[in-house]
Structures are given as structure tokens and as C-alpha cells.
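# Close look at the chain arrangement
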Amino acid sequence: MISITGFEIIEKVADGTVFRSYKARQTNLDRMVLIKEFIVAGPEDQARFEALVKEAKRAARLKHPGILQLFDAVEEGGTRFLVMEHPVGTTVAQLISSIGNVPQKRALQIIQEVARALEFSWIRSSLVHGALSPDMITLEDGAVKVVGIGLGGVGPEGHGMSAPWVTDPLQRNPYLAPELQTGGKPNLRTDIYAAGVILGQMLNGSVPEFARVAPGQAPSLRQVAPPPGVTPGTW
């Protein structure tokens, strides 16, 4: 078990491909947190973590009820950590697994809250999610929170990173927009695409057919006019 000054490690909750995750108590504030230990696999990971910290600093400034809060990036004894709000409740993935079709009113309410969180992070900090999926949306007593905004889609289990973290972008299918499947970079439009797939999955109990096509055969997104007041290519 790891040891970090100022934190009482309670248990390991997951081993991911990018992070190991621990439930912990921050002793000076007496609050539960999620600590994510960065897994170092090679010399290139130092640069990767530094890039992540830059994004994390921007993400930490986001204060919104629909965004799981990032508190700090810590390095101790050569080991690197992120300290986050501890997620509680269930995920949308668990909800779909347990009941199948989500009632329309509830599904629309969930996706509306997700859209508000994405919009807030984009307007305030130009941050996108990049790897939105049902596992990245938590539900607690009616509240909806998005996990991993600005962190390349690092979920509670420590899996997933968007470009440049994902060496095989197809691993996030079916929630990746077609342009991400051909090496494009995440943007607000790709997050909107993912949210649409998640909405379809909630309503139908399964991923929509258009999102289940074979790799490399995904249809191109339609060109649509941007919202009023938004410059094309920036939304």
C-alpha cells in the first residue's frame, strides 16, 4: 500500500492502465478523496505526466456541480499522484446494466446535465473531455457529475486517455466520433457526439447501430451550422 503525507490510504479501488486508484482520507480537511497514482511504464511517461499536470491545473479551477472536482497534483518520493473528489453513487453504465432502457425523462435529464458540464468547461477553460462514456458519468441522489474533464477521460478506475495518451484511438469505440477514429484530436464536437451515443444507449438499452460499425467504416459527421455567435471551427 502506498503512503502519502497528509493522507490516510483506506483501500485500493482499482488498477488501471494509466493510474492505480485509492480511496483515502485527507487528514487536515477530514474529507474522503480519490487518489490516482500515475503508472510509470517508460521514460516517456515523465513528459506525459507533465502534460497531464498542465491540463489538471486548468481542470482544478473548474467549479461546477456537474463536474467531479480535481483538487491537486502531487509528487512525493518520485511517485506522482492526482487528488480528486471521491466519486459516490453509481455510473450511467451501471444504471443501463441494471435496468436496460432508462425512462425518457430521466435519460434527457441526465444528458442535459452532462451537456451543461461540458459547456461550462469549454466556455471557462476551453477544456474538453475527449473520452466521454457511460462509465464517466456518476449519479447520486439525482445529481449528475462528469468525471475526467480535462484529463483525457481518466475515469474512476484509472483507464483511458485521449490523444496523445491513447496509442490505439479505436479502444474507446463506440463513443469516439469518426474523426477520432482516424487520428483527429478531441474537441467540443467530439464530446457532443459521445453524449449523443450515450443518450441513444440510455433510451434503447444498447449502443445505437451507427456507433457499432467496424473500425474505419464510421460515417462522417454531418456538417452543421454552429450556434449563433460562435465562430466556425471553434465550437
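Residues numbered from 1 in each chain as written. Predicted model: local features only at pLDDT ≥ 70, side-chain atom pairs only at ≥ 80, totals over all residues. Heavy atoms only, no water.

## Looking at the pattern of salt bridges
The test is simple: For salt bridges, the criterion is a side-chain nitrogen of Lys or Arg within 4 Å of an Asp or Glu carboxyl oxygen. The buried label goes to any residue with under 20% of its type's maximum accessible area, the exposed label to any with over 50%, and the partly exposed label to all in between, with areas taken from a 1.4 Å probe on protein chains only.
Per the counting criterion, the structure on display carries nine salt bridges. Between Arg-20 and Asp-15 there is a salt bridge; the shortest N-O distance is 3.5 Å. Residue Arg-20 is classed as partly exposed on the basis of its relative accessible area of 28%. Owing to a relative accessible area of 46%, Asp-15 belongs among the partly exposed residues under this scheme.

## So, the sheet that holds strand S4 (residues 70-76)
Strand pairs in the sheet, formed through backbone hydrogen bonds, run parallel or antiparallel to each other. As a reminder of what qualifies: Any two strands with at least two DSSP-identified bridges between them are counted as paired. Secondary structure elements follow DSSP: runs of H or I of four or more residues count as helices, runs of E of two or more count as strands, with numbering from the N terminus. A fitted line through C-alpha atoms serves as each axis, taken over the contacting stretch for helices, and the angle formed by two N-to-C directions is quoted from 0 to 180°.
Within the open sheet, the five strands sit side by side as S1-S2-S3-S5-S4. Their pairing is antiparallel. The sheet is open, and its two borders are formed by strand S1 (7-15) and S4, each paired with just one other strand. The sheet shows a mean angle of 25 degrees between the axes of neighbouring strands, direction not considered. As paired strands, strand S3 (residues 31-38) and strand S5 (residues 79-85) are joined by five bridges and run antiparallel to one another. Paired with Leu-34 across the two strands is Met-84, which belongs to S5.

## Side note on the pairing of S4
Examined bridge by bridge, S4 and S5 share six bridges and lie antiparallel to one another. The residue of S5 that forms the bridge with Glu-76 is Thr-79.

## As for the environment of Asp-141
Structurally, Asp-141 is set in the loop between strand S7 (137-140) and strand S8 (143-146). Residue class for Asp-141 comes out exposed when judged on its relative accessible area of 80%.

## Observations concerning the packing of helix H3 (residues 104-125) against helix H4 (residues 188-204)
Cut-off, in case you're wondering: Roughly parallel refers to an angle under 35 degrees, roughly antiparallel to one over 145, roughly perpendicular to one between 65 and 115, and oblique to any angle outside these ranges. Here is the rule for handedness: rotate from the far helix to the near one, and if that takes an anticlockwise turn smaller than a right angle the crossing is left-handed, while a clockwise turn gives right-handed. Residue contacts are counted whenever heavy atoms from the two residues lie within 4.5 Å of one another.
For the pair H3 and H4, interaxial distance at closest approach is 10 Å and the crossing angle is 165 degrees. The orientation of H3 with respect to H4, classified from their angle, is roughly antiparallel. Crossing angle aside, the handedness with which H3 passes H4 is right-handed. Where H3 approaches H4, its residues Gln-104, Ala-107, Leu-108, Ile-110, Ile-111, Leu-118 and Trp-122 are matched on the opposing element by Leu-188, Asp-191, Ala-195, Ile-198, Leu-199, Met-202 and Leu-203.

## Considering the packing of aromatic side chains
The criterion, for reference: Two aromatic rings, drawn from Phe, Tyr or Trp (for Trp, its six-membered ring), form a pair once their centres lie within 6.5 Å of each other, and the interplanar angle then sorts them: stacked below 30 degrees, edge-to-face above 60, tilted otherwise. Criterion for a charge above a ring: Arg CZ or Lys NZ at most 6 Å from the ring centre, at most 35 degrees from the ring normal.
Counted under the stated rule, the structure contains one aromatic pair. Over the ring of Phe-71 we find Arg-31; its NZ or CZ atom is 3.7 Å from the centre of that ring.

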